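Residue strings, one per chain:
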Amino acid sequence: MSTAGGIIRALNSGIKHLAIRRFTLRYPEQKLKFVGDGFQFNPETGVGIAGLRGRHILYHEHCTGCQLCSVACEGIAEAIGMVKIDETWKQNKKAIMPQIDYGKCVFCGLCVDACPFYALYMTNDYELSSFTKSALIYTPAQLAVKPKISQDVEIKIDDRGATHG
Amino acid sequence: MATQLPPGIQLEKVDDRIMTLNVGPQHPGSGHMRLIIKVDGDYIVSCDPDPGYVHRGEEKMAEYRNYIQNIPHLERPVIHDSCNILYPYCLAVEELLGIEVPERAKYIRVIASELNRCIYTLYWLAIYGIFLGHSTMFMWPAGDRELFIDLLEAMSGARVTHAYLVPGGVRNDLPANFEERCLRQVDYLEKRLKEYQSIFYKNPILISRTEGTGILSRTDAIRLGTTGSVLRASGVDYDIRKKEPYDVYENLDFETVVRKEGDSYARSYIPYLEMFESCRIIRDAIRKMPKSGSVRTKLKPNPKGGNDEVYKRVESGRGSLGYYIVSNNRPEPYRVKISVGSFRNLICMPYLLKGELLGNMPSVYWGLNYWPVEADR
Ligand code: SF4
Ligand code: SF4
């Protein structure tokens, strides 16, 4: 193959891309859709359900204050601390529940694996940035809130290339 | 007035013709490492790689954590290839604890690690492109990588640090309709990869810069103990997936890519050709995978390994990656040694760069498929 021919061929394959769709996701306007409602556990089989590992969600009515999630996180990020809560739940005699510091959490989800009462799951919410460090510490009350999310863009593939929505 | 030097310390004798250059350790052009290069005009006289800037003590950290808590930090050395770096760890711990892995989990692990190998290779290719000043080759793989990141995100729930493989199987089953979506995106990526040929690999400018530079002969490749694509580019047919098949690789249909030239072009071409083989493995694994069944054998809480030691290795994106684990009846390992391909390939850098043009340094260096963070662990 001659040098000039090779260079023309290379330029040509670049020029062909003018006709190909834009692949970039326009982030704050478009948000990628994930499978499911976040990483959860199936109580029957004891195996995880696929989903994004984002912010946690804590079901106060299941949590017994057994601290296993905080023990699991001890060697990983030490992001979970057990704190006193004001509510009274009959399954939670000690009245303690996990509080998660998202400045430290690495979103591995091993605390979800560790929780034997299926009280701690993860959600699709990944937008956790804040202006202060203290705002990254989520109390049990904040963790109980189900996040409102609108994520609907998917990767589409057709003969003009792949694109986001 | 001559400065009095402390006893035992000498100043290096410098030839006036020779200039010493420090490449790195800041990021552009070297990754997190330093190359001390001596040049005579435009030619490199000697090269002294100086790794260790991102040493994080992963091996020591592993001695204080139990077998499950070790998972998230052990994948940190190569976050772009996190399934492959966890793979030998899982194999080793499974042997240590005597755990059987369900058949379906084995196939899922193979799919995850092949997807991850492609993600790593595309990232490597993007950086290889920008090292050589080919900015299109930076943008195309960096964009196409997204397709596979998206697949692994659907599988594992994280985009880069998946923590998906665990001793005993995988963390969760595949989502619904995953197979169909996976095949569609694998087909599309394969189509895209073919376009890289004309713009990059068959581009006369790339060929003239890389062909015949940094030649590593077959005997030298074996003698220096190189591994992975560097070894295969020098004509040695050695792939751990073929030679010591782990999990289900022996049932799968793929070939080892070998080239004889041993130059920098061959070293950069092999990972690219292997991506096609990875696509083939993924398709075959999806076809042969049991359609249902368990994916994880539950471990006891805080499992203890016996008085034993194991060594397991896999073929990662950068060559052989092995874990040597010694346990002494405790929930934590007594010693974990990670043997990585990057560090083993680093040794040939002084040999390859001697007598090369300084301008060829980036292509030789990054063609070694070297990942500084992994080498330093
Ligand atoms: S996801 Fe991982 S790092 Fe985050 S709180 Fe749970 S165990 Fe700790
Ligand atoms: S979230 Fe689960 S593991 Fe953590 S204290 Fe509550 S019940 Fe125990």
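The rules behind these values
- Residues numbered from 1 in each chain as written.
- Chains lettered and ligands numbered in written order.
- Predicted model: local features only at pLDDT ≥ 70, side-chain atom pairs only at ≥ 80, totals over all residues.
- Heavy atoms only, no water.
- Helix = DSSP H or I, 4+ residues; strand = E, 2+ residues; numbered from the N terminus.
- Expected span 1.5 Å × (residues − 1).
- Bend = angle between axes of the 7 residues up to and from the residue.
- Near = heavy atom within 4 Å.
- 1 Å grid on protein atoms, 1.4 Å probe; cavity = no way out; pocket = protein on both sides within 12 Å on 5 of 7 lines; lining within 4 Å.
- Sits in = over half its atoms within 2 Å of the grid points.
- Contact = heavy atoms within 4.5 Å.
- Buried area = accessible area lost by both parts, 1.4 Å probe.
- Salt bridge = Lys/Arg side-chain N within 4 Å of Asp/Glu carboxyl O.
- Axes fitted to C-alpha atoms, helices over the stretch in contact; angles between N-to-C directions.
- Parallel < 35°, antiparallel > 145°, perpendicular 65-115°, else oblique.
- Left-handed = near helix turned anticlockwise from the far one by under 90°.
- Nonpolar A, V, L, I, M, F, W, Y, C, P; charged D, E, K, R; others polar.
- Phe/Tyr/Trp six-rings, centres within 6.5 Å; stacked < 30°, edge-to-face > 60°.
- Points joined across faces, edges and corners; volume = space filled by probe spheres on them.
- Domains from an automatic or database assignment.
- Polar contact = N/O pair within 3.5 Å; in protein donor to acceptor, adjacent residues only side chain to side chain.

**Student:** Go over helix H6 (residues 178-201) of chain B with me, naming the residues and quoting the values.
**Tutor:** The terminal C-alpha atoms of H6 of chain B, which comprises 24 residues, lie 32 Å apart, in line with the 34 Å expected from a rise of 1.5 Å per residue. The largest bend along H6 of chain B measures about 25° and falls at Glu 195 of chain B.

**Student:** Would you mind going over the site of ligand 2 in detail, with residue names and values included?
**Tutor:** The full set close to ligand 2 counts 14 residues, and Cys 63, Cys 66, Gln 67, Cys 69 and Cys 115 of chain A are the nearest of them. Taking a 2 Å distance to the grid points as the criterion, the majority of the atoms of ligand 2 fall inside the second largest cavity.

**Student:** Please provide a residue-by-residue account of the interface of chain B and chain A, values included.
**Tutor:** The interface of chain B with chain A comprises 39 residues on the first partner and 39 residues on the second. Both sides of the chain B and chain A interface together cover about 3,000 Å² of buried area, and 60% of this is carbon and sulfur. Broken down residue by residue, the surface that chain B buries against chain A is led by Gln 69, Arg 171 and Tyr 188 of chain B, which jointly contribute 20%. Connecting chain B to chain A are 2 salt bridges. For the salt bridge of Arg 171 of chain B with Asp 113 of chain A, the shortest nitrogen-to-oxygen distance reads 3.0 Å. Of all the secondary structure elements, the ones that give two or more residues to the side of chain B that touches chain A are helix H5 (135-156), H6 and helix H7 (204-210) of chain B.

**Student:** Give me the packing of helix H4 (residues 103-131) of chain B against H5 of chain B: which residues, what numbers.
**Tutor:** All names here are of chain B. Here H4 crosses H5 at 160°, and the two axes come no closer than 8 Å. One element, H4, and the other, H5, form an angle in the roughly antiparallel class. Of the two possible hands of crossing, H4 and H5 adopt the one that is left-handed. Residues belonging to the contact of H4 with H5 are distributed by class as follows: 20 nonpolar, 3 polar and 2 charged.

**Student:** Report on the site of ligand 1, specifying residues and quantitative values.
**Tutor:** Residue and element names in this part refer to chain A. Residues in contact with ligand 1, as listed here, are His 56, Cys 73, Ala 77, Ile 80, Cys 105, Val 106, Phe 107, Cys 108, Gly 109, Cys 111 and Met 122. In a pocket analysis with a 2 Å cut-off to the grid points, ligand 1 is assigned to the largest cavity. By residue class, the composition of the shell around ligand 1 is 9 nonpolar, 2 polar and no charged.

**Student:** Provide a residue-level description of the packing of aromatic side chains, including the pertinent values.
**Tutor:** Residues and elements named next belong to chain B. Using the criterion set out here, one finds 28 aromatic pairs over all chains in the structure. When the centroid spacing of 5.4 Å and the interplanar angle of 90° are considered together, the rings of Tyr 272 and Phe 276 count as edge-to-face. Linking Tyr 272 with Phe 276, this pair stays in helix H11 (residues 264-288), spanning 4 residues, or about one helical turn. Aromatic ring contacts, followed pair by pair, group Trp 124, Tyr 128, Trp 140, Tyr 196, Phe 200, Tyr 201, Tyr 265, Tyr 269, Tyr 272 and Phe 276 into a single cluster.

**Student:** Explain the layout of surface pockets to me, and be specific about the residues and the numbers.
**Tutor:** Estimates place the volume of the largest pocket at around 730 Å³. What lines the largest pocket is a set of 34 residues, among which Phe 23, Leu 25 and His 164 of chain A together with Glu 146 and Arg 159 of chain B lie closest to the centre. Elements with a contribution of two residues or more to the lining of the largest pocket: strand S9 (161-164) of chain A together with H5 and H6 of chain B. Among the elements that take part in the lining of the largest pocket, H5 of chain B stands out by supplying 8 residues, more than any other. For the lining of the largest pocket, a count of residues per class yields 19 nonpolar, 7 polar and 8 charged.

**Student:** Give me the domain arrangement of chain B: which residues, what numbers.
**Tutor:** Residues and elements named next belong to chain B. With domains assigned, chain B is organised as domain 1 (11-50) and domain 2 (58-376). For domain 1 versus domain 2, the separation of C-alpha centres amounts to 30 Å. Counting residues at the interface gives 16 residues for domain 1, matched by 16 residues for domain 2. Roughly 1,300 Å² of surface becomes buried between domain 1 and domain 2 when both sides are summed, with 75% attributable to carbon and sulfur atoms. At the junction of domain 1 with domain 2, the criterion picks out 0 salt bridges. Counting the contacts that link domain 1 with domain 2 gives 3 residue pairs in polar contact (both at pLDDT 80 or more). Secondary structure elements with two or more residues in the side of domain 1 that touches domain 2: strand S1 (18-23), strand S2 (34-40) and strand S3 (43-50). Broken down by element, the residue count for the side of domain 1 that touches domain 2 peaks at 5 residues, all from S3. When its residues are assigned to classes, the side of domain 1 that touches domain 2 shows 11 nonpolar, 4 polar and 1 charged.

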